[in-house]
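Architecture and fold: a report
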Amino acid sequence: LMSKMDEDVQLLSLPDALQLSVLAEVAMDSQSLSATSPSSLPTAGLRVVLHGLRKTELNNKLGCAKRYDAARGRYEVWLDETASKTFVRPANLSTEPGRGQHSLRTLCNVRRVCSHWQALSDDDELWSRLCKARLGIDEKVPPPSSGVPDPLPVSSFREAARAWALLFKDLQITEAEFPLTALPSHGPQSLSALWTASFGIWRRLSAQLNAALPEAAATLGPPADAAAWCEFVAEMCPDSEATQLALLPLRMLAQQHDGQALKLDYTIASSNEAIPAGVQHPTAPPDGGEQVQRFHGIVGGYSAYDHLTSVRLFPLKLIAGWTKLLREQTDALPEHGFVIGATFNM
């Protein structure tokens, strides 16, 4: 890289040149969208920052530009913070800094070269911007887990990014998919927000079950590993990226508990040929208690006279089995619908 200073052309040192190139990749071209023809922009999923609005509370908010509405002369933007949409003029939008697809990987590779390059790439302000853009986090906090449900802030954004990246690797989500901005039916969400929400759901539910119905709490299955999820996807939606995207909330829920381990549910599914005979959940009790298990649904239920409903949350194996059976035998299930739970006597 060359720099013109006082009429003399000077060669920058390689580490400094690297710093400039990395910063250029991170900053990208944080330019106003008014400088580009709206119709020519790849707006689907474009990350943007709002500014210069009369509604000052919206300024500096991050969002996702879904499309350009030519009739209004505005972009339809989904806001990250509220998961709501608004329409904004191009002059009031800029592309979000740090949207380079491989920015995290670039910095991780750069810091391995030498101590000087490591110092350049460890700038926490740089990682702060990347964490916000790529991971949707603005605090130095790792993801919550069963071992550490309330994680404390770590020393740097780089350390926080590493923890989140390892989680997403376990979930088999690539870095290019980190900024989840088009979750069907839910509006834009980041994967970090989705994980935190799913973890909070299980945490609250487990606490309530342990307090009110420990027998039902004991039926929660172990996490579904990567192999189980890959098998499920290969069986149910191998060629549909849209369906796989829509199933991400289920993936995150199953990462913590793979439904309920109830022998009764496997017996009923097998008798209806939803699954092969003899298939059982690995943690389901081998014998006894099946009649009691009809009351152990964690989703909800009621009893009136001789009618009993008790909805349980299915593990992946039963979701696949019942979904395929109902798709084959009835028209009641939408094409992209999945049976993730049902009453024991469905």
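Residues numbered from 1 in each chain as written. Predicted model: local features only at pLDDT ≥ 70, side-chain atom pairs only at ≥ 80, totals over all residues. Heavy atoms only, no water.

Details of helix H5 (residues 157-170)
Between the first and last C-alpha of H5 there are 20 Å, a value that for 14 residues agrees with the 20 Å anticipated at 1.5 Å per step. Within the sequence span of H5, burial applies to Phe157, Ala160, Ala161, Trp164, Leu167 and Phe168. All buried residues of H5 project into a common sector of 125 degrees when viewed along the axis, lining one side. Pointing more than 90 degrees away from the buried face of H5 are the exposed residues Arg162 and Lys169. Its buried side turned inward, H5 meets helix H4 (124-135) and helix H6 (191-212). (Helix = DSSP H or I, 4+ residues; strand = E, 2+ residues; numbered from the N terminus. Expected span 1.5 Å × (residues − 1). Buried < 20%, exposed > 50% of the residue type's maximum accessible area, 1.4 Å probe, protein only. Arc of directions from axis to C-beta. Contact = heavy atoms within 4.5 Å.)

Notes on the pairing of strand S9 (residues 307-313)
The buried fraction of S9 amounts to five of the seven residues, a majority that puts the element mostly inside the structure. Sheet analysis places S9 next to strand S10 (residues 341-343), joined by three bridges and oriented antiparallel. Its bridge partner lying in S10, Val311 is registered against Thr343. (Pairing = 2+ DSSP bridges.)

A short note on the sheet that holds strand S8 (residues 300-304)
Two strands in a sheet stick together by hydrogen bonds in their backbones, pointing the same way (parallel) or opposite ways (antiparallel). Here three strands make up an open sheet; going across it, the order is S8-S9-S10 and the pairing antiparallel. Two strands lie at the open edges of the sheet, namely S8 and S10, each paired on one side alone. Going from strand to strand, the sheet's axes swing by 15 degrees on average, the running direction of each strand aside. (Axes fitted to C-alpha atoms, helices over the stretch in contact; angles between N-to-C directions.)

Thoughts on the pairing of strand S6 (residues 85-88)
Judged by which residues are buried, S6 turns out to be one-sided: Thr86 and Val88 face inward and are buried, whereas Lys85 and Phe87, on the alternate face, are not. With four bridges joining them, strand S5 (residues 74-79) and S6 adopt antiparallel strand pairing. In the sheet register, Tyr75 faces S6, and the bridge partner there is Val88. Here S5 folds back onto S6 in antiparallel fashion, the turn holding five residues, of which Ala83 has a positive phi close to 55 degrees.

What about the packing of helix H11 (residues 263-271) against helix H13 (residues 316-329)?
The contact between H11 and H13 brings their axes to 11 Å, and the two run at 25 degrees. Here H11 lies roughly parallel to H13, going by the angle between them. In the packing of H11 onto H13, the handedness of the crossing is left-handed. Along its contact with H11, which presents Asp265, Tyr266, Ile268 and Ala269, the element H13 presents Lys317, Leu318 and Trp322. Of the residues assigned to the contact of H11 with H13, the class counts are five nonpolar, no polar and two charged. (Parallel < 35°, antiparallel > 145°, perpendicular 65-115°, else oblique. Left-handed = near helix turned anticlockwise from the far one by under 90°. Nonpolar A, V, L, I, M, F, W, Y, C, P; charged D, E, K, R; others polar.)

Some details on helix H8 (residues 226-236)
Turning to H8, its buried residues number three or more, namely Trp229, Phe232, Val233 and Met236. All buried residues of H8 project into a common sector of 95 degrees when viewed along the axis, lining one side. Exposed residues lying more than 90 degrees from the buried face of H8 are Ala227 and Ala234.

Examining the nonpolar core
With 24 residues, the main nonpolar core has Phe232, Leu316 and Trp322 as its most contacted residues. Those elements that place two or more of their residues in this core are H8, helix H10 (248-254), H11 and H13. With six residues, the single largest contributor to this core is H13. If we ignore the near neighbours within four places in the chain, the residues touching Phe232 are Leu247, Leu250, Leu316, Ile319, Ala320 and Phe338. Counting 22 residues, the second largest nonpolar core, distinct from the first, contains Leu135, Ala161, Leu191 and Phe199. (Core = buried A, V, L, I, M, F, W, Y, C linked by side-chain atoms within 4.5 Å.)

A word on the pattern of salt bridges
On inspection of all chains with the given rule, the structure shows nine salt bridges. A salt bridge links Arg203 to Asp150; the shortest N-O distance between them is 2.7 Å. Note that Arg203 is positioned in helix H6 and Asp150 in the loop between H4 and H5, a separation of 53 residues in sequence. Taking the relative accessible area as the measure of exposure, Arg203 reaches 39% and is therefore partly exposed. Asp265 is the salt-bridge partner of Arg312, the closest N and O atoms lying 2.7 Å from each other. A residue pair is termed long-range when its members are at least 10 positions apart, and Arg312 in strand S9 and Asp265 in helix H11 qualify at 47 residues. Arg312 gets classed as buried once you look at its relative accessible area, which sits at 0%. Through salt bridges with shared partners, a single ionic network connects Arg67, Asp69, Arg72 and Glu76. (Salt bridge = Lys/Arg side-chain N within 4 Å of Asp/Glu carboxyl O.)

So yeah, pure geometry; function would need other evidence.
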